[in-house]
Each structure stands twice: as C-alpha cells, then as structure tokens.
Number of protein chains: 2
Amino acid sequence: MLEIPKPTLGRLPLYYRALVTAADAGLEIISSAELGESAGVDSAQVRKDITYFGQFGRPGIGYNVPNLLLALEQILGLSNPNEAVLVGAGRLGMAICNYPGFTRFGLKIVAIFDIDPQKQGQQVDGLEIFPLWRLERIVKKLGTQIGIITTPASSAQGVAKMLIASGVQAIWNFAPVNLKVPPDVILRNEDLAVGLATLSHYLSSGHGSQKLK
Amino acid sequence: MLEIPKPTLGRLPLYYRALVTAADAGLEIISSAELGESAGVDSAQVRKDITYFGQFGRPGIGYNVPNLLLALEQILGLSNPNEAVLVGAGRLGMAICNYPGFTRFGLKIVAIFDIDPQKQGQQVDGLEIFPLWRLERIVKKLGTQIGIITTPASSAQGVAKMLIASGVQAIWNFAPVNLKVPPDVILRNEDLAVGLATLSHYLSSGHGSQKLK
DNA sequence: TAGATTGTTAATCGATTAACAATC
DNA sequence: TAGATTGTTAATCGATTAACAATC
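Quick caveat: nothing in here was measured; it's all calculated off a predicted structure. (Residues numbered from 1 in each chain as written. Chains lettered and ligands numbered in written order. Predicted model: local features only at pLDDT ≥ 70, side-chain atom pairs only at ≥ 80, totals over all residues. Heavy atoms only, no water.)

### Points about the overall build of chain A
Next up, step 1: Regarding its fold elements, chain A presents 9 helices and 11 strands.
Next up, step 2: Principal-axis analysis of the C-alpha atoms places the extent of chain A at approximately 60 × 45 × 35 Å.
Next up, step 3: Here chain A holds 213 residues, and the buried ones make up 51% of them.
Next up, step 4: For chain A, the proportion of contacts with a sequence separation of at least 24, taken over those separated by at least 6, is 55%.
Next up, step 5: As presented, chain A carries roughly 9600 Å² of accessible surface, and 55% of it is formed by carbon and sulfur atoms.
Next up, step 6: Taking the 19 positively charged and 17 negatively charged side chains of chain A as two groups, their mean positions are separated by 4 Å. (Helix = DSSP H or I, 4+ residues; strand = E, 2+ residues; numbered from the N terminus. Buried < 20%, exposed > 50% of the residue type's maximum accessible area, 1.4 Å probe, protein only. Contact = heavy atoms within 4.5 Å. Areas by Shrake-Rupley, 256 points an atom, 1.4 Å probe, with all protein chains shown as cover. Lys, Arg positive; Asp, Glu negative; His and termini not counted. Charge placed at Lys NZ, Arg CZ, Asp CG, Glu CD.)

### Some remarks on helix α2 (residues 32-39) of chain A
Each full turn of the α-helix corresponds to 3.6 residues, which orients residues three or four apart in the same direction.
All names here are of chain A.
Next up, step 1: Along α2, the residues that are buried comprise Ser32, Leu35, Gly36 and Ala39. Taken around the axis of α2, the buried residues stretch over an arc of 100 degrees, which confines them to a single face.
Next up, step 2: Of the surrounding elements, those touching the buried residues of α2 are α1 (6-24), β1 (29-30), α3 (43-51), β3 (62-64) and α4 (65-76).
Next up, step 3: Looking at the residues trailing α2, positive phi occurs at glycine 40, about 80 degrees. (Arc of directions from axis to C-beta.)

### Notes on the protein's contact with DNA strand D
Next up, step 1: The environment of DNA strand D is formed by 24 residues, the closest being A:Arg11, B:Ser32, B:Gly57, B:Gly60 and B:Tyr63.
Next up, step 2: The side chain of B:Tyr63 places a nitrogen or oxygen atom 2.7 Å from a phosphate oxygen of DNA strand D.
Next up, step 3: Counting residues per element, the ones that place at least two in the surface near DNA strand D are α1 and α3 of chain A together with α3 (43-51), β2 (57-58) and β3 (62-64) of chain B.
Next up, step 4: Taken together, the residues of the surface near DNA strand D sort by class into 8 nonpolar, 9 polar and 7 charged. (Near = heavy atom within 4 Å. Polar contact = N/O pair within 3.5 Å; in protein donor to acceptor, adjacent residues only side chain to side chain. Nonpolar A, V, L, I, M, F, W, Y, C, P; charged D, E, K, R; others polar.)

### Some remarks on the environment of A:Ala175
Residue and element names in this part refer to chain A.
Next up, step 1: Within the element layout of this structure, alanine 175 appears in the loop between β9 (170-173) and β10 (186-189).
Next up, step 2: When its relative accessible area of 4% is taken as the criterion, alanine 175 is described as buried.
Next up, step 3: For the pair alanine 175 and alanine 39, spaced 136 residues apart in sequence, the C-alpha separation works out to 29 Å.

### Section: the interface of chain B and chain A
Next up, step 1: At the junction of the two partners, chain B supplies 69 residues and chain A supplies 69 residues.
Next up, step 2: Here chain B packs against chain A, burying approximately 6600 Å² in sum over the two surfaces, 60% of which is carbon and sulfur.
Next up, step 3: Scanning the region where chain B abuts chain A turns up 4 salt bridges.
Next up, step 4: In this structure, A:Asp191 and B:Arg17 form a salt bridge, with 2.3 Å as the shortest nitrogen-oxygen distance.
Next up, step 5: Applying the counting rule to chain B against chain A returns 20 residue pairs in polar contact (both at pLDDT 80 or more).
Next up, step 6: For the side of chain B that touches chain A, the secondary-structure elements that each account for two or more residues are α1 (6-24), α2 (32-39), α4 (65-76), α5 (91-98), β9 (170-173), β10 (186-189), α9 (192-205) and β11 (211-212) of chain B.
Next up, step 7: Per-element accounting of the side of chain B that touches chain A gives the leading share, 13 residues, to α9(B).
Next up, step 8: Of the residues in the side of chain B that touches chain A, the class split is 36 nonpolar, 20 polar and 13 charged. (Buried area = accessible area lost by both parts, 1.4 Å probe. Salt bridge = Lys/Arg side-chain N within 4 Å of Asp/Glu carboxyl O.)

### Some words on the sheet that holds β3(A)
Residue and element names in this part refer to chain A.
Next up, step 1: Read from one edge to the other, the open sheet built from 3 strands follows the order β1-β3-β2, with strand pairing classed as antiparallel. The open sheet has two edge strands, β1 and β2 (57-58), and neither has a second partner.
Next up, step 2: Note: β1 against β3, 2 bridges, orientation antiparallel. If you follow isoleucine 30 over to β3, its bridge partner there is tyrosine 63. (Pairing = 2+ DSSP bridges.)

### Looking at the sheet that holds β2(B)
Next up, step 1: Across the sheet, 3 strands lie side by side as β1-β3-β2 (chain B); this open sheet has antiparallel pairing. Two strands in the sheet have a free side with no partner beyond their single neighbour: β1 (29-30) and β2 of chain B.

### Remarks on the protein's contact with DNA strand C
Next up, step 1: In the vicinity of DNA strand C there are 24 residues, among which A:Ser32, A:Gly57, A:Gly60, A:Tyr63 and B:Arg11 approach most closely.
Next up, step 2: In DNA strand C, atoms within 4 Å of the protein come from the sugar-phosphate backbone in 71% of cases.
Next up, step 3: Within the backbone of A:Gly57, one N or O atom sits 2.8 Å away from a phosphate oxygen of DNA strand C.
Next up, step 4: Looking at the surface near DNA strand C, its residues break down into 8 nonpolar, 9 polar and 7 charged.

### Observations concerning the relation of the copies chain B and chain A
Next up, step 1: Of the two same-sequence chains, chain B is brought onto chain A (RMSD 0.0 Å, axial shift 0.0 Å) by a rotation of 180 degrees. The relationship between the two copies is best expressed as a two-fold rotation axis.
Next up, step 2: The residues that chain B uses at the interface reappear at the interface of chain A in 100% of cases, marking a shared surface. (Least-squares fit on C-alpha atoms with pLDDT ≥ 70 in both.)

### Thoughts on the domain arrangement of chain A
Many descriptions give the size of an interface as the accessible area lost when the pieces come together.
Next up, step 1: Domain boundaries assigned for chain A yield domain 1 (6-75) and domain 2 (82-194).
Next up, step 2: Once you take the C-alpha centre of each, domain 1 of chain A and domain 2 of chain A turn out to be 32 Å apart. (Domains from an automatic or database assignment.)

### Quick look at the packing of α1(A) against α3(A)
Residues and elements named next belong to chain A.
Next up, step 1: At a minimum axis distance of 10 Å, the contact between α1 and α3 shows a crossing angle of 105 degrees. By the angle class used here, α1 and α3 are roughly perpendicular. Residues Thr8, Arg11 and Tyr15 of α1 touch α3, and the partners they reach there are Gln45, Val46 and Asp49.
Next up, step 2: Classifying every residue of the contact of α1 with α3 gives 2 nonpolar, 2 polar and 2 charged. (Axes fitted to C-alpha atoms, helices over the stretch in contact; angles between N-to-C directions. Parallel < 35°, antiparallel > 145°, perpendicular 65-115°, else oblique.)

### Details of helix α5 (residues 91-98) of chain A
Next up, step 1: Along α5(A), the residues classified as buried are A:Leu92, A:Gly93, A:Met94, A:Ala95 and A:Ile96.
Next up, step 2: Elements that come into contact with the buried residues of α5(A) comprise β4 (82-87), α6 (101-104), β5 (107-114), β6 (123-124) and β8 (146-149) of chain A together with α5 of chain B.

Pasting the structure below:
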C-alpha cells in the first residue's frame, strides 16, 4: 500500500466523523463538497486525500457512505481494537479513561498504573489502579500494544523505558517533555502547551481569523 | 513583524521548554545543535525558526539563553497573561483546570460553567462552577479573551455561539466536532481522536519508527 | 443530451534540508 | 590563527490548489 502523507492522515479522522454523522442521518451518497463542508476541508483536498487509499467515488454521483466508512476504518486501523495501558492516574489520566470520543476509535484501556500508594487498589471505571512495579509483568502478559503516559514530565522518560521494556509498540505521550525512544517505537506527543502557546501568540499578535490546525 | 509559519510556531513551545530547562541548569549559552537535541528538532531547522523573529545568536558562540527565552516569551505572547473561561466541568475540563504545564504558559482560568445543576455551586480549585445562563454576563464583565470548550460534541456549537456573543476572541475546542465560527475568531481544535487514529494507523500498518508530530 | 462530480495532472505554494560565507 | 557556529542562500522536497478530461 502506498504511503499516506501525514497531513492527509490527520484529516482522515475528520472525514470519518463526518461520515458517521452522514450515515446516522441515513445518507447513502455524499459528494466531496459535502464531505469537505462537514469536515472543514476543501473539496479538492478531500478527493485528493481519498485517492491515497483507493477509488471509492463515482464521477457525476459522489461517494457511497457505507463503503467509504468501511475503507476508512480499514485504513485507520479501527477494525482491530487497540488495547492500551495508562500510566499516571491523575486528572488528565482519568479524563482520558473517560473520553467518549475514544470508544468510537476502538481504544480500550486495560490497566492503569500509578506510583502513588494512595491510589493503588482504587477502582476507576471498573479498572483497578496497579502499582508501577507490576507494570512490566502485566503488560507482557496482556501483550498490550499502546502505552499512554499521563505522568508529570519528570517521570515520563522512566515510564517510557518501562513500557518499552515491557514490549509496547506505541507510546502516546501527554507529559510535556521530549521523550527519547528507539526508532522502532511509534511515538506521538500530545502537547497541550503547544496549542495554548499558539492561541496565545495569535491573540497577542492581533491576527484573528486563523483556523489553527 | 513578519509572519511566522505555522510549523515553526508549533515548534517554538518546544524550544521554550528546552530553554527553561537550560536556564534552570544555569546555562548561559546554548548552540542550535544543543537546543535542537533537547527539543527533538534538526539544528538547521532551529536556526531557521529563530531567524523568523530576529537574530539572537553569535556566530562561533551560540545563543544567549536568557535573551532567547525573553524573545520567545514575547513572540508567544506569554508576557501578558491569558485569561480563559472553561465550559463543561467534566473530567476533561477538570484535568485542564489542573494541567501543570499551563501555569508556565500563563493561562489563568477565571470561571467555570456547566449546564448540570448538580455541579453548579461546587468549587474546583477555588473556582465556583456557574450555571450556563450566567456565562454571557460574566464573560462580558470580566472581558475574558479565551473560551475553552470541554462539553460533549452535541452542545459545543451552541456553547461556541454563546462565547462569541459574549466577546471572546479565541476558542480552544476539545469537543470532537467541527465548529463554525466567524473569521475574526481564532479557533484551535484539540482533537484527541486524531492522535489516536494516527497511532492506530501506524500500528496496524506495521510501519514503526515514525515520530508523529 | 445536459449537468454533476470524480480522479488525476500540472501549477503553485511553502517548508525543510544542505551548504557555506561571515563572524566570533 | 584555527575551530566553532551563526544567518542566509539555494536546492530539494512535499503538500495544496486549480483545472479539466473522463465518467456517470
């Protein structure tokens, strides 16, 4: 399969969401213009993006909603559910455990870890919080693929090491720090400070009117 | 002042963080190579990015840490603190209220709103949760510039309208939905589902080794 | 047939990378 | 002077936009 550009990959979830909405509304067919309108993307861009993973439209007609939805699930890897462990049971961690958007994207958190003995043994949404020293054995046993880091910045690198030693293939990092990981580990940084700084810049520079990201 | 490219703007907070660390360590001078190493960015890119807002380095020497730090605070608009109201007192909202990274970036949440009467009147970090109908008057009175939306997707557009009617200039949207706002309002979407979908794609496609974002 | 809309090509735009003269 | 490192230019790379022939 050909390589999908990163910017395109970032828009696919937007299309996916727009299509789910359309499907819920009973729509069978959607045009690139309609899809773009709903996702906030130019129609030419929509068509270009879609062709990166196939031909799903019919000239003069549009795209078949269920077909395209299925294709997107494929390409986004949502067909096989993703299991993850979460390290750091603070508020951000708990928010992520509960984030409603994730069920749709097939994320299942299977264990939570925290270094604080106070929290250990507590239940969160039916999941027990385990002590950090049990991480390696549990992750190995479950064969979990994704590790989510919601610890303070100071502990994040250590946690990343543990996760990698335990065999996770991907790390989703919410700690505000630049993690070093081996090249075969997929790393995604979700850095809220970047978003804030961007807003702050545009506010103080007086340029309104930007659609950021 | 010349326009700073968006990708550059996204990297500035990383430099800022690296510089804070360097300053804390008592470093006076830092090279583009060191700064890049710390921020996870190529050194040529670092130099290019910095020149978008001035000349702060000395050939053969490097950059003066305090100077560059100051310049970044300027350009990121951190010199004037940013006040925000937050709408949606769920777990994500609470997590954001507590996110430690924000203090450094000068964000101050001055009021919280929620539609749920159960939550109204409760205190969160010394802030009372107000009913939604009081939003307009309070925001107008405080002159708040930023509105943070952490409601479910279904209510987000309505909340955005209220915020805009109340005079906020920027919206930081965490609800998984494509908001429509007038062109003079700055909109930043923080979409966790995009991050997840990206991870999921790389996991299922078998390409490891990507540093995503 | 006439109107609509795709898939794709070509043109434009913008960002990254590489290289190096100027400077310390 | 020799070595280091910036700021900047030019070359490369990649993404977006525009246009349109092909198709329904």
